[in-house]
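Take a look at the letters that make up each chain.
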Amino acid sequence: MTAFAVIAGIILASGLMVVRSENLVHSVLWLAVTLIATAVQFVLLNAPFLAGMQLMLYTGGIITLMLFGVMLTIRDEGVDIPNPSEGHLAGAGAALAFLVPTLYAIWGTPDFGPMVDPITAKDIGSSFLGPQLIAFEALSVLLLAAMIGAIVLVRRKDP
Amino acid sequence: MTHMVLTVAAILFALGIYGVTTRKNAIGILVSVELMANAVNLNLVAFSQHWGATGQSFALFAIALTVAEVVVGLALVVLLYRTRKNVNIDLASDLRS
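Keep in mind that what you see is a predicted model, and the values were worked out from it rather than measured.

What counts as what
Residues numbered from 1 in each chain as written. Chains lettered and ligands numbered in written order. Predicted model: local features only at pLDDT ≥ 70, side-chain atom pairs only at ≥ 80, totals over all residues. Helix = DSSP H or I, 4+ residues; strand = E, 2+ residues; numbered from the N terminus. Rg over C-alpha atoms; globule rule 2.2 N^0.38 Å. Buried ≥ 20, exposed ≤ 12 C-beta atoms within 10 Å, placed from the backbone. Contact = placed C-beta atoms within 7 Å. Nonpolar A, V, L, I, M, F, W, Y, C, P; charged D, E, K, R; others polar. Core = buried A, V, L, I, M, F, W, Y, C linked by C-beta atoms within 7 Å. Domains from an automatic or database assignment. pLDDT = per-residue confidence, 0-100. Axes fitted to C-alpha atoms, helices over the stretch in contact; angles between N-to-C directions. Parallel < 35°, antiparallel > 145°, perpendicular 65-115°, else oblique. Left-handed = near helix turned anticlockwise from the far one by under 90°.

K.L.:
It is not clear to me how the overall build of chain B should be interpreted in this structure. Could you clarify?
P.N.:
For chain B, the helix and strand inventory stands at three helices and zero strands. Each helix and strand of chain B, placed in order from N terminus to C terminus, yields the pattern α-α-α. Taken over the C-alpha trace, chain B has a radius of gyration of 16 Å; the compact-globule value for 97 residues is 13 Å, which it surpasses by more than 25%. By principal-axis analysis of the C-alpha atoms, chain B measures approximately 50 × 25 × 20 Å. For chain B, buried positions account for 56% of its 97 residues. Within chain B, contacts between residues at least 6 apart in sequence are counted, and of these 48% link residues at least 24 apart.

Spelled out as structure tokens, the structure:
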């Protein structure tokens, strides 16, 4: 429980820094902290395989991509990139309009049922190649489509 | 325990909503969307403790989908920068007459 409290604190504090930081590079790096802390939370929730995937794909792939994107879309040199935000009141209102009913629903639910045995990578594999087979195959097509789409979008005409 | 995890995920999602509505930079918005996707993954894993492997396989699907989304999103941002030399999202309002 103590470990959970510490990790939850890290997740929420770094999440707040992601949306409040004035520097875009800092924002992306705080996102890395959030994602790593979430991977640790996955370990605490008996999902070690997913924690590994989270570290490899999110912190290894997405953060790197994001930093490349930041560097490609600035004219000035250095890492002092402004990340302005406005409309704080409307944003906080939208967030609260989501948060309050959701928390009401969560804490109004008395029990989520008994715990099952810890899930292994083998169970996830059986799920992928069993009930979720069609979605799994569709995902491979989607990844190919995203890859080709990204290449077509940023291709310069007639190099 | 599950209640606590769901609460953390809900607050994280609300932070993502706040970021999406307030940020001006297109990459800032993309980062906030990542925060929301991460909250959903946390929810799915919390529920997989009660209902078996389906939750975790859904979370893996969500991770893969997020990767695809970031690739296309960053391609769009780079394209926006190439045409306007700026990634402020307010400038991309061609469809508004």
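K.L.:
Would you take a moment to explain the environment of A:Arg155 for this structure?
P.N.:
All names here are of chain A. Inspection of the secondary structure assignment puts Arg155 in the segment after α6 (133-154). C-beta crowding within 10 Å serves as the criterion here: with 11 such atoms nearby, Arg155 is assigned to the exposed category. A C-alpha to C-alpha distance of 32 Å links Arg155 and Ile134, two positions 21 residues apart in sequence.

K.L.:
Just checking my understanding: could you explain the interface of chain A and chain B for this structure?
P.N.:
When the parts come together, some accessible area is lost, and that loss is often what is quoted as the size of the interface. With 69 residues of chain A at the contact, the number on the chain B side is 57 residues. Going through the elements one at a time, α1 (2-20), α2 (24-44), α3 (48-72), α4 (88-108), α5 (121-128) and α6 of chain A are the ones with two or more residues in the side of chain A that touches chain B. The element that contributes the greatest number of residues to the side of chain A that touches chain B is α4(A), accounting for twelve residues. Split by residue class, the side of chain A that touches chain B holds 47 nonpolar, 20 polar and two charged.

K.L.:
Would you mind showing me how to read the nonpolar core here?
P.N.:
Counting 62 residues, the largest nonpolar core has B:Ala9, B:Leu12, B:Ile27 and B:Val45 as the members making the most contacts within it. Mapped onto this core, the elements with two or more residues apiece are α1, α2, α3 and α6 of chain A together with α1 (2-22), α2 (26-51) and α3 (53-84) of chain B. Two domains each donate at least three residues to this core, and these are domain 1 (1-84) and domain 2 (121-159) of chain A. Setting aside chain neighbours within four positions, we find B:Ala9 in contact with B:Ala39, B:Leu42 and B:Asn43.

K.L.:
Explain unusual backbone geometry here, please?
P.N.:
Residue A:Asn46 is not a glycine yet carries a positive backbone phi of 60 degrees. Mapped onto the elements of the fold, A:Asn46 is located in the loop between α2 and α3.

K.L.:
Please explain the domain arrangement of chain A as it appears in this structure.
P.N.:
With domains assigned, chain A is organised as domain 1 (1-84) and domain 2 (121-159). Look at where the C-alpha atoms of domain 1 of chain A and domain 2 of chain A centre, and you get two points 24 Å apart.

K.L.:
Just to check I follow, could you spell out the confidence of the model for chain B for this structure?
P.N.:
Where the model shows low pLDDT, its predicted coordinates should not be examined in detail. Overall, the predicted model of chain B reaches an average pLDDT of 88, with 99% of residues at or above 70. Two numbers describe this predicted complex: its pTM, 0.90, and its ipTM, 0.90.

K.L.:
Hey, could you run me through the packing of α1(B) against α2(B) in this one?
P.N.:
Geometry of a packed helix pair, given as the angle between the helix axes and the separation of the axes. Residues and elements named next belong to chain B. Contact pair α1 / α2: the axes reach a minimum separation of 8 Å and the direction vectors enclose 165 degrees. Overall, the two elements α1 and α2 adopt an arrangement that is roughly antiparallel. Judged by the sense of rotation from one axis to the other, the crossing of α1 with α2 is left-handed. Together, Thr2, Val5, Leu6, Val8, Ala9, Leu12, Phe13, Leu15, Gly16, Gly19 and Val20 of α1 and Ile29, Ser32, Val33, Leu35, Met36, Asn38, Ala39, Leu42, Asn43, Ala46, Gln49 and His50 of α2 make up the contact between the two elements. Grouping the constituent residues of the contact of α1 with α2 by class yields 15 nonpolar, eight polar and no charged.

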